[in-house]
Amino acid sequence: MKVVWLRGRGGVRRGLRYGSVGSMVALGVGLHAQAAHAQLIQQLFPSDVPGYSTDLTGSVVTHQMMGQQSDGIGMGSWLLRPSASENVGYNTNTLGIPGSGSPAVQTSANVSASSRWRRHALGASVGMDDHRYPTQSIASYTNWHGSIGGSLNLGRDTLSAAFSHYQYHLSATNLGVYGVVYPVPYQVNDGRLSYTKVFGRFSLIPAFDYQDFSFGTAPGPISIDYDSISHKVETGSLTSRYEFSRGDALVAVLRGSAAQFDQAVQASTNNYADGAGFVGVDFRRGQVWQYRLLVGGETRSFKNGYSPSVSTPTFEANVAWMPRRIDTVTLTAARHISDPETPFARNQVITDVRLQWDHELRHNVFVRAYGEFGESSSQSGQQAQGTAVTSLEGSRLQKQIHFGGTVFWNIDRHVRASLTYNYVNNATSGGNVNYLNIPGRLSTFTSNTVLLGFSISG
């Protein structure tokens, strides 16, 4: 997976919460796998669709791994990239409650098409991933997405636009997700528009992003309707960039967002206006060190008049150290304000730090190890009881520790095998952590996952 430096949805995935889902066109991408924080559409936009495209510089090992793969299927002025994978193994805790372990079968498929024109660009991508748990069938779910985007080369300037539709699920084991037992379906429509105006070494990038989030009802005996957090977000931003030399630049970003939640009494209390500003450096020419640093602040005020505003310093860091051709050490860290992902929290401040080591063991065998810490600090939301609205008092603090690793074996340019282990430890404190009276629901849980996988690409 990947961390995109800036996102929409009112937080710097995505995204300071890691996903330039469209509101920002700045500060590139770092490598990231299985983040500890909760995910909606952050980190999920495909890198091969114009308008969502990213810059995968920084990791020598990643380039070597990509060099072992197929170059795609040429069809005249188009490039087609089909891929599919199958992973089987065991997950000791699929639902965050005791006794929810199950064998796991994960199937994914994706196909993308991109133009190979000399000036303009057009591309599309569609894909799915299915998660089956044979002895915990209620934990099973299927995600899918479709995206299309393009860019126009206007001399030295560039106009780009993109649209995506996603059908995804919230998981009980994600950071920042409270009150979820069984997977909660949600869909996202995202549209973005940006224009890059170049003045020599200096460039300005105004951008606009519109997102529509629609949440459904979780299945199972404990059914909760999450429609109250369905909302729309409009985000405008202005990014300025000054290049000292090719690949080295100073960056400044101003961003404003507004969110409108469904007009139910308990939902409209979440409507907000958000403002943020960031400055940073983007240095990617180094042979040993490459880094992107971004610091700033974000403030959010609620339109109901009685919810306290939230202000916090924000930052992002992506540092890649390549001491040898066969090694890459990557540090990624971020802090931002996130939208609520359950009806029981108004918003949350997410902090995430990850350290990853990639090593080329042989010319076609690679090893990846990582450790990650994530923290979510949220305000309590409001809950409807009949026609009345009651407050869920107190704030809530959730911490997760992740670590694990993967061994990749590039059998040939089309087939890759992998063996993966992931560990998660979750601890929640504060607030009313047992407000749902869910049998077996604990504020602390651990999860171990082992997967053997094969992937094929055209």
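My aim in this report is to walk through the structure given alongside it, one point at a time. None of the values given here were measured: they were computed from a predicted structure.

What about the overall build of the protein?
Part 1 of the reasoning: On a plain count of helices and strands, the protein comes out with 2 helices and 23 strands.
Part 2 of the reasoning: Taking all 458 residues of the protein together, 52% fall into the buried category.
Part 3 of the reasoning: Counting only carbon and sulfur atoms, one obtains 61% of the accessible surface of the protein, whose full area is about 18,500 Å².

Quick word on the pattern of salt bridges
Part 1 of the reasoning: For the structure shown, the criterion picks out 13 salt bridges.
Part 2 of the reasoning: Each of Arg255, Asp274, Glu298, Arg300 and Asp339 takes part in salt bridges that share partners, so that together they form one network.

Observations concerning the pairing of strand E22 (residues 415–429)
Part 1 of the reasoning: Sheet topology note: the strand E21 (residues 396–410)/E22 ladder contains 14 bridges and is antiparallel. When the bridges of E22 are listed, His402 appears paired with Val424.
Part 2 of the reasoning: Following E21, the chain reverses through 4 residues before pairing antiparallel with E22.
Part 3 of the reasoning: As defined by bridge partners, E22 adjoins strand E23 (residues 444–457) across 13 bridges and the pair is classed as antiparallel. In the sheet register, Asn425 faces E23, and the bridge partner there is Thr446.

A few points about the nonpolar core
Part 1 of the reasoning: Core analysis: the biggest nonpolar cluster contains 23 residues, and Leu170, Val180, Val184, Tyr186, Phe215, Tyr226 and Tyr272 have the highest contact counts within it.
Part 2 of the reasoning: At the level of secondary structure, the elements contributing two or more residues to this core comprise strand E8 (157–170), strand E9 (184–199), strand E10 (202–215) and strand E12 (248–261).

Some details on the environment of His414
Part 1 of the reasoning: By the element assignment, His414 lies in the loop between E21 and E22.
Part 2 of the reasoning: Given a relative accessible area of 41%, His414 falls into the partly exposed group.
Part 3 of the reasoning: The sequence separation of His414 and Ser457 amounts to 43 residues, and the corresponding C-alpha distance is 5.1 Å.

Quick notes on a nonpolar patch on the surface
Part 1 of the reasoning: Taken together, Val88, Phe373, Ile401, Phe403, Val407, Trp409, Ile411, Leu419, Tyr421, Val450, Leu452 and Phe454 make up a surface patch of nonpolar side chains, about 1,000 Å² in accessible area.
Part 2 of the reasoning: Secondary structure elements with two or more residues in the nonpolar patch: E21, E22 and E23.
Part 3 of the reasoning: If you trace the backbone, Phe373 turns up in strand E18 (residues 365–380).

Things to note about the side chain of Gln348
Part 1 of the reasoning: Examined against the element boundaries, Gln348 turns out to sit in strand E17 (residues 345–362).
Part 2 of the reasoning: For Gln348, the side chain forms a polar contact with the side chain of Ser376, separated by 2.4 Å.

Considerations on the packing of aromatic side chains
Part 1 of the reasoning: Taken as a whole and judged by the stated rule, the model has 10 aromatic pairs.
Part 2 of the reasoning: With centroids separated by 5.7 Å and ring planes inclined at 85 degrees, the aromatic side chains of Tyr242 and Phe244 adopt a geometry described as edge-to-face.
Part 3 of the reasoning: Here the aromatic rings of Trp289 and Trp321 are separated by 5.8 Å at their centres, their planes lie at 20 degrees, and the arrangement is stacked. Here the residue Trp289 occupies a position in strand E14 (residues 289–302), and Trp321 occupies one in strand E15 (residues 310–321), the gap between them amounting to 32 residues.
Part 4 of the reasoning: Here the guanidinium or amino end of Arg300 rests over the ring plane of Tyr272, the centre of that ring lying 3.8 Å away.

About the thresholds
- Residues numbered from 1 in each chain as written.
- Predicted model: local features only at pLDDT ≥ 70, side-chain atom pairs only at ≥ 80, totals over all residues.
- Heavy atoms only, no water.
- Helix = DSSP H or I, 4+ residues; strand = E, 2+ residues; numbered from the N terminus.
- Buried < 20%, exposed > 50% of the residue type's maximum accessible area, 1.4 Å probe, protein only.
- Areas by Shrake-Rupley, 256 points an atom, 1.4 Å probe, with all protein chains shown as cover.
- Salt bridge = Lys/Arg side-chain N within 4 Å of Asp/Glu carboxyl O.
- Pairing = 2+ DSSP bridges.
- Core = buried A, V, L, I, M, F, W, Y, C linked by side-chain atoms within 4.5 Å.
- Patch = residues over 30% accessible without salt bridge, like charges linked within 9 Å, V, L, I, M, F, W, Y side chains within 5 Å.
- Polar contact = N/O pair within 3.5 Å; in protein donor to acceptor, adjacent residues only side chain to side chain.
- Phe/Tyr/Trp six-rings, centres within 6.5 Å; stacked < 30°, edge-to-face > 60°.
- Lys NZ or Arg CZ within 6 Å of the ring centre and 35° of its normal.

The analysis is restricted to geometry; functional conclusions fall outside its scope.
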